[in-house]
Amino acid sequence: MHLINVLTFGSRNFNTSLEELKDYLNFKLTSTDKEINKEMLTKYDVLILHKDCLTINTIEALLKDSDKIKILVSDTNDKKKEYFNDVISLPFKISDLNQIVENSVIKKNFNKNSSILIKKYKLDKNEKKLIKDENFILLTEKEIQLLELFLGNKKPISKNIILKEVWKYSTSADTHTVETHIYRLRKKIKSKFSDENFILNNKDGYLL
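Residues numbered from 1 in each chain as written. Predicted model: local features only at pLDDT ≥ 70, side-chain atom pairs only at ≥ 80, totals over all residues. Heavy atoms only, no water.

Ordered in space as 6-7-8-9, the four strands form an open sheet in which the pairing is antiparallel. Looking along the sheet, the strands with just one partner apiece sit at the ends: strand 6 (116–118) and strand 9 (135–138). Across the sheet, the axes of successive neighbouring strands diverge by a mean angle of 25 degrees, strand direction being ignored. Bridge count between strand 8 (residues 129–132) and strand 9: four bridges; the pairing is antiparallel. Bridge pairing in strand 9 links Leu-130 to Ile-137. The strands that helix 5 (residues 141–151) touches are strand 6, strand 7 (121–124), strand 8 and strand 9; relative to strand 6, the one it contacts most, it runs at about 70 degrees. Here helix 7 (residues 175–193) sits on the sheet and contacts strand 7, strand 8 and strand 9; the angle it forms with strand 9, its principal contact strand, is near 160 degrees. (Pairing = 2+ DSSP bridges. Helix = DSSP H or I, 4+ residues; strand = E, 2+ residues; numbered from the N terminus. Axes fitted to C-alpha atoms, helices over the stretch in contact; angles between N-to-C directions. Contact = heavy atoms within 4.5 Å.)

Dropping the structure here:
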């Protein structure tokens, strides 16, 4: 995991308390008691915000709009779940703070990998599912690789390029292998979702 950049936003006393712990933290800490904005957050992975800052008029809109990891430090039960990824209660141990920050980053990366939008579907790579509404089909590793290849290219992809990118020119694979896998995937999608136009093809190859 790369070094996590964390911005703490709180009173001068709150920030000073965290600054004194710098040598024991597993992340890079920057603190501010000035008003923050969206542009400032681009430099950081995580925002740690003290509960007293919630009274600032502009902070609510910023929290709603930002996709950064947001952790609330609070001594109350007001968890503000709609804004925050996690909450740490005062007083806390350094080990707890380190763990919450690291776990939040891991969880975000996991969820990011798990939620790839393709047309009106969601591709969940971790569970190997293609999902639409309440329905889903299970995918093989090769089917996931096919979908990712199609998703990353707006133009049709030829069988030979698919063979190169997905099968790495394996001696056990040929263009017939590509055709067979795409046929099976199309059949699964049509059977579950009644969608005959998920994977298209023309004289130049296949595309979404």
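Now that the structure has been shown, we can carry on.
Next up on the list: the sheet that holds strand 5 (residues 86–89). Spatially, the five strands line up as an open sheet ordered 2-1-3-4-5, and their pairing is parallel. The sheet is open, and its two edges are formed by strand 2 (28–32) and strand 5, each paired on a single side. Within this sheet the neighbouring strands show an average axis-to-axis angle of 25 degrees, counted without direction. Bridging between strand 3 (residues 46–50) and strand 4 (residues 69–74) involves five bridges; their strand directions are parallel. In the strand pairing of strand 4, Ile-48 is matched with Ile-71. Each of strand 1 (5–9), strand 2, strand 3 and strand 4 is contacted by helix 1 (residues 12–19), which is oriented at about 165 degrees to strand 2, the strand it contacts most.

Attention now goes to the confidence of the model for the chain. Averaged over every residue, the pLDDT of the chain is 88; the share at 70 or more is 95%. Helix 3 (residues 59–65) is the least confidently modelled element of the chain, averaging 85 in pLDDT, while strand 9 averages 95, the highest of any element. (pLDDT = per-residue confidence, 0-100.)

A word on the pattern of salt bridges. Taken as a whole and assessed by the stated rule, the structure comprises twelve salt bridges. Between Glu-196 and Lys-190 there is a salt bridge whose closest N-O contact spans 3.5 Å. Since its relative accessible area comes to 45%, Lys-190 is described here as partly exposed. (Salt bridge = Lys/Arg side-chain N within 4 Å of Asp/Glu carboxyl O. Buried < 20%, exposed > 50% of the residue type's maximum accessible area, 1.4 Å probe, protein only.)

Turning next to the nonpolar core. Core analysis: the largest hydrophobic core is formed by 26 residues, its most contacted members being Leu-130 and Ile-162. Elements supplying a minimum of two residues to this core: strand 6, strand 7, helix 5, helix 6 (159–166) and helix 7. Non-local contacts of Leu-130, meaning those with residues more than four positions away in its chain, are made with Tyr-121, Lys-122, Leu-123, Asn-135, Phe-136, Ile-137, Leu-139, Leu-147, Ile-189, Phe-193 and Phe-198. One finds Val-6, Leu-18, Leu-25 and Ile-71 within the second-largest nonpolar core, a separate group that totals 17 residues. (Core = buried A, V, L, I, M, F, W, Y, C linked by side-chain atoms within 4.5 Å.)

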